[in-house]
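The lines below spell out each chain.
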Number of protein chains: 2
Amino acid sequence: MNLDTIFKPKSIAFIGASNNYMKWGFIVLANLIQGGYKGRIFPVNPKEKKILNLDVYSDVLSIPEPVDVVIITTPAETVTKIISDCVKKGIPSAIVISAGFSETGETGKKLEKEMVDTAASGNIKIVGPNTMGVVGTSVNLSAIMAPVQPTSGTVSFVSQSGNVGTQLLALGESRGIGFSKFVSSGNEGDLKCEDYIEYFGEDTETNVILTYVEGLDNGRKFLDIARKVSRKKPIVIFKGGQTNAGATAAASHTGVLAGKQEIYESAFKQAGIIKAASTDELLDLALGFSKLPMPVGKRVGIITWGGGWGVVTADACEKMGLDVVKLPEWAISELDKILPPYWSRGNPIDLVGTTDRRPHFQALEILTRCENVDGIIALGIVGASSAFAALGERFKTSRAFEIPAEFVDGMIKMVERVDAKFAKKINELIREFGKPIIGASIAPQESKLKYEGEEIIIYPTPEKAATVLAKLYEYRNILDKS
Amino acid sequence: MNLDTIFKPKSIAFIGASNNYMKWGFIVLANLIQGGYKGRIFPVNPKEKKILNLDVYSDVLSIPEPVDVVIITTPAETVTKIISDCVKKGIPSAIVISAGFSETGETGKKLEKEMVDTAASGNIKIVGPNTMGVVGTSVNLSAIMAPVQPTSGTVSFVSQSGNVGTQLLALGESRGIGFSKFVSSGNEGDLKCEDYIEYFGEDTETNVILTYVEGLDNGRKFLDIARKVSRKKPIVIFKGGQTNAGATAAASHTGVLAGKQEIYESAFKQAGIIKAASTDELLDLALGFSKLPMPVGKRVGIITWGGGWGVVTADACEKMGLDVVKLPEWAISELDKILPPYWSRGNPIDLVGTTDRRPHFQALEILTRCENVDGIIALGIVGASSAFAALGERFKTSRAFEIPAEFVDGMIKMVERVDAKFAKKINELIREFGKPIIGASIAPQESKLKYEGEEIIIYPTPEKAATVLAKLYEYRNILDKS
């Protein structure tokens with residue numbers, strides 16, 4: 001199903017556009033303009049002449065040009081009439097933000113059916129109603145109620161909750177995850193979760209598909225689509241309504257029966273869908289899948305600046321089903337030549353806090369070259385420069401003593417330079433050996449770091465790095481079996 | 001065991017103090033001075049006269065005043081002689097940062113034994129050797145190798161890994177967790193993990209005890225102490241070496257056998273120790289235990305601005321063993337009066353995105369008053385102001401259109417005022433009903449928010465809030481059974 005007019009429209013009619021700052025007709029329109037939408041916008045409001053510097057039209061039919069999608073924020077009872085105007089004008093799609101439909105009871109249910117039937121008569125595809133909106137970064141489309149403007153990337157996300165969806169977009173934004181498309185599917189009066197997944201599957205701008213699902217009207221269709229799409233791109237799901245309490249809440253929220261958790265679990269697995277254990281993990285996986293190659297096997301090599309994190313990481317890997325393998329003899333011998341005699345002589349490679357950084361580069365390369373290592377977790381050796389810079393600032397402004405500012409700045413630059421070199425090295429090794437190398441370090445609030453243009457993936461805890469590596473391997477298995 | 005001279009020393013001798021910026025004798029001393037240590041510092045170095053503006057002494061014995069603790073960064077083979085000087089001077093304690101002891105092999109093991117035996121002859125208590133240092137915020141003591149300076153608070157933390165410990169301190173700092181004391185226990189040549197726990201148990205500045213443990217020399221003693229201390233204060237543990245891979249890494253790291261995981265698990269449980277499932281969770285629990293009352297039962301009430309997070313939270317609560325109870329009839333009736341007719345009419349209380357904030361206050365109070373609700377999770381209703389302010393800034397600087405800056409600033413102030421009122425309300429309700437109220441909101445990178453002086457606890461995901469509530473209840477049970 002082609003949904004380009006929704007996610008990459010050339011022109012938009014905005015019904016309910018308003019000069020009243022408190023109305024969604026203002027807030028969503030302002031988000032859209034402020035986001036830098038690349039196409040034309042035709043605000044519609046019978047009472048206004050200008051809104052946000054744009055000429056206003058009294059109704060859809062008086063717009064003199066073709067319209068790809070109409071955004072509607074007017075009250076529920078006005079929407080069917082608007083849709084029927086859209087049918088007359090031959091508009092192919094609508095984003096119905098208006099609430100007051102099936103989520104409010106019987107009257108709303110009737111309104112929704114009328115609206116959807118009218119749309120069907122003109123082959124209009126409907127997002128919503130009761131959607132929080134749509135994002136399409138390739139045309140700078142931010143048709144959304146929430147204060148989020150994700151950066152451009154290859155992750156596309158369909159959420160059955162606008163609330164969960166937009167908050168995860170915001171969290172994702174703060175972690176440096178780039179999104180291609182987002183949709184809050186709302187009441188799914190017309191387009192369903194699986195329709196968006198099918199579209200994302202075909203979409204050349206999407207490499208990873210995220211979905212938050214509470215319930216499915218047509219489980220068989222969802223699974224058929226997922227089975228096909230998951231052979232091409234990873235689908236990562238977080239399911240709401242996994243427990244009795246959650247299912248009860250979901251029934252009240254989206255009105256859909258959440259169904260037996262075990263049935264969902266096994267059906268999702270058979271369809272090749274990757275499950276996220278938490279909303280946090282959904283974002284961790286989005287980042288990892290969008291940037292890292294998959295390991296060919298489950299054998300992991302760990303390198304760490306200090307011993308403790310190595311222990312925590314080895315635990316996390318084994319718990320996730322990965323093998324922390326013995327290093328080959330040749331690797332131990334090579335490492336013996338460059339590390340202090342009391343290094344761990346095993347996996348994890350414990351660099352025992354050595355301050356000379358050159359052996360760290362060599363050790364990482366040796367580990368990556370190991371023929372029995374499929375994926376690497378690197379702890380603490382890259383990503384420290386931001387923490388270091390913060391310390392430097394404290395030293396420079398200290399009133400207790402004086403250290404020459406040039407010296408402190410020189411130190412900070414040096415650490416930054418080492419981080420940049422590491423980033424470059426990591427990306428070279430990934431390209432040469434095709435193995436994922438995942439960092440873990442306290443440094444970033446965000447999870448993706450860029451040093452002099454070299455982007456690498458770093459998680460704030462080793463447990464997250466281990467989880468992502470295990471799930472990359474899970475997806476590799478899904479592809480191998482299909 | 002009283003360890004005040006280590007964590008609250010009145011005076012410090014620093015052996016190995018240096019003017020060389022690249023040496024630990026400079027870095028740790030600079031951290032100490034820059035941190036604003038309240039006592040006197042006597043740097044010791046036979047070759048220097050002044051270091052960081054301080055008068056330097058040629059050896060410990062030439063210091064003309066009493067010394068509470070000596071910090072040592074000189075090479076391992078010099079330490080025993082220094083300790084024997086400390087015995088002569090009657091110094092009660094030492095922090096041995098120097099490495100090169102039992103962690104490096106047989107020769108180091110001998111050096112460590114000599115040093116410890118010498119200390120014992122003068123009743124000197126030793127931290128380390130091979131420790132990354134000690135923090136004591138009540139006297140601004142930052143005797144630590146890593147670039148962290150935690151803010152003051154009531155959490156005390158002993159870590160068998162300096163690496164894990166200092167990185168968690170830094171992460172904790174960025175989340176607004178206040179620490180009282182921290183120690184990297186190093187090789188535990190003298191003082192062991194359990195000695196610090198015993199001391200923290202008696203320490204009036206400590207309300208919550210964190211510990212990262214890899215292995216125990218004397219499990220029985222550890223458990224005896226933990227059993228006593230956990231009756232007074234929560235002890236939260238993260239155990240490294242839970243799996244074969246982790247235990248192997250731990251054996252190489254601290255040289256201690258990690259032991260059977262199941263035995264540890266059940267022993268810790270019997271001793272009333274709270275287990276953290278990840279390093280991330282250790283920090284979440286530190287925050288929750290330091291600020292929130294414990295619920296008397298496991299019945300939870302959820303209030304949410306939007307439906308989806310309510311579903312996710314209900315799931316998370318049930319998975320953690322909490323009961324998402326039915327609300328009493330009187331509460332439903334009262335809520336019917338203030339919420340739109342299509343509100344969820346159940347638990348979670350779904351505020352269905354209503355933009356009038358006044359009913360949110362009333363609904364939170366009604367939920368807290370429910371006689372069958374022991375703890376509350378509040379989603380999205382407080383903590384939005386920072387996200388909102390970021391949006392406001394974008395709107396003010398937009399080149400696409402103009403919104404009066406005063407209007408935007410007015411809106412931001414309004415949202416901030418609502419957040420501040422909510423914080424005040426939450427703290428009033430906590431005081432009146434003694435029930436924990438935990439927020440979850442995308443807003444904070446940090447987990448603790450302060451609005452006009454009212455501090456409340458907010459986690460970035462509802463799963464974290466549910467976990468903390470469940471663990472607070474677990475500790476309540478531990479206290480009730482003891």
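Structural data are supplied above this passage.
Below or above, wherever it landed, is the structure these notes cover. (Residues numbered from 1 in each chain as written. Chains lettered and ligands numbered in written order. Predicted model: local features only at pLDDT ≥ 70, side-chain atom pairs only at ≥ 80, totals over all residues. Heavy atoms only, no water.)

**Section: the interface of chain B and chain A**
Right, so step 1: Contacts between the two partners involve 77 residues from chain B, matched on the other side by 77 residues from chain A.
Right, so step 2: Interface area for chain B against chain A, summed over the two sides, is near 6200 Å², with a carbon-plus-sulfur share of 65%.
Right, so step 3: In terms of surface lost to chain A, no three residues of chain B exceed Tyr21(B), Trp309(B) and Arg394(B), which account for 10% of the buried area on that side.
Right, so step 4: Taken together, the links from chain B to chain A amount to 18 residue pairs in polar contact (both at pLDDT 80 or more).
Right, so step 5: The set of elements that each furnish at least two residues to the side of chain B that touches chain A consists of helix H2 (24-34), helix H5 (162-174), strand E13 (235-239), helix H8 (244-253), helix H10 (279-291), helix H11 (307-319), helix H14 (385-396) and helix H15 (405-433) of chain B.
Right, so step 6: Counting residues per element, the side of chain B that touches chain A draws most heavily on H11(B), at 10 residues.
Right, so step 7: Counted by class, the side of chain B that touches chain A contains 36 nonpolar, 30 polar and 11 charged residues. (Contact = heavy atoms within 4.5 Å. Buried area = accessible area lost by both parts, 1.4 Å probe. Polar contact = N/O pair within 3.5 Å; in protein donor to acceptor, adjacent residues only side chain to side chain. Helix = DSSP H or I, 4+ residues; strand = E, 2+ residues; numbered from the N terminus. Nonpolar A, V, L, I, M, F, W, Y, C, P; charged D, E, K, R; others polar.)

**Here's the deal with the pairing of strand E10 (residues 152-159) of chain A**
Residues and elements named next belong to chain A.
Right, so step 1: The sheet contact formed by E10 and strand E11 (residues 179-184) spans 6 bridges and is parallel. Across the sheet, the residue bridging to Ser 152 is Phe 179, located in E11.
Right, so step 2: Tracing the backbone out of E10, into helix H5 (residues 162-174) and back to the parallel element E11 gives a crossover that is right-handed. (Pairing = 2+ DSSP bridges. Right-handed = clockwise from strand over helix to strand, strands pointing away.)

**Quick notes on unusual backbone geometry**
Residues and elements named next belong to chain A.
Right, so step 1: Here the residue pair Gly 128 and Pro 129 is connected by a cis peptide bond, since its omega of 0 degrees sits within 30 degrees of zero.
Right, so step 2: Looking at where Pro 129 falls in the secondary structure, it is placed in the loop between strand E7 (125-127) and strand E8 (133-136).
Right, so step 3: Following Asn 347, the chain continues into Pro 348 via a peptide bond in cis, with omega recorded as 5 degrees.
Right, so step 4: Tracing the backbone through its elements, the reader meets Pro 348 in the loop between helix H12 (329-338) and strand E17 (349-350).
Right, so step 5: One non-glycine residue, Arg 345, adopts positive backbone phi at about 55 degrees.

**A few points about the pattern of salt bridges**
Two side chains bearing opposite charge may form a pair once their charged atoms approach each other closely.
All names here are of chain A.
Right, so step 1: Tallying each qualifying case throughout the model produces 54 salt bridges over all chains.
Right, so step 2: When the shortest N-O distance is used, the salt bridge between Lys 192 and Asp 217 registers 3.8 Å. Of the two residues, Lys 192 is situated in the loop between E11 and helix H6 (193-202) and Asp 217 in the loop between strand E12 (208-213) and helix H7 (219-229); the sequence distance between them amounts to 25 residues.
Right, so step 3: Under the relative-accessibility criterion, Asp 217 is labelled exposed at 56%.
Right, so step 4: Bridged by salt links that share partners, the residues Lys 8, Lys 181, Asp 203 and Glu 205 form one connected network. (Salt bridge = Lys/Arg side-chain N within 4 Å of Asp/Glu carboxyl O. Buried < 20%, exposed > 50% of the residue type's maximum accessible area, 1.4 Å probe, protein only.)

**A word on the side chain of Asp203(B)**
All names here are of chain B.
Right, so step 1: Locating Asp 203 in the fold gives a position in the loop between helix H6 (193-202) and strand E12 (208-213).
Right, so step 2: Residue classification places Asp 203 among the buried positions, given a relative accessible area of 6%.
Right, so step 3: Of note is the side chain of Asp 203, whose polar atom sits 2.6 Å from the side chain of Thr 206.
Right, so step 4: The contact partners of Asp 203, leaving out residues within four places of it in the chain, are Lys 8, Ser 156, Ser 180, Lys 181 and Lys 233.

**Here we look at the sheet that holds E11(A)**
Strand pairing in a sheet is mediated by backbone hydrogen bonds. Such pairs are either parallel or antiparallel.
Residues and elements named next belong to chain A.
Right, so step 1: Pairing within the open sheet is mixed, and its 7 strands lie in the order E9-E8-E11-E10-E12-E13-E14. The two strands at the open ends of the sheet, each matched to only one other strand, are strand E9 (141-144) and strand E14 (274-275).
Right, so step 2: Against the sheet, H5 touches E8, E9, E10, E11 and E12, its axis set at about 160 degrees to E11. (Axes fitted to C-alpha atoms, helices over the stretch in contact; angles between N-to-C directions.)

**Topic: H12(A)**
All names here are of chain A.
Right, so step 1: By the burial criterion, the buried members of H12 are Ala 331, Ile 332 and Leu 335. Buried residues along H12 cover an arc of 100 degrees about the axis, so they all sit on one side. Across H12 from its buried face, at more than 90 degrees, point the exposed residues Glu 329 and Lys 337.
Right, so step 2: The elements touched by buried residues of H12 are E17 and helix H13 (358-369). (Arc of directions from axis to C-beta.)

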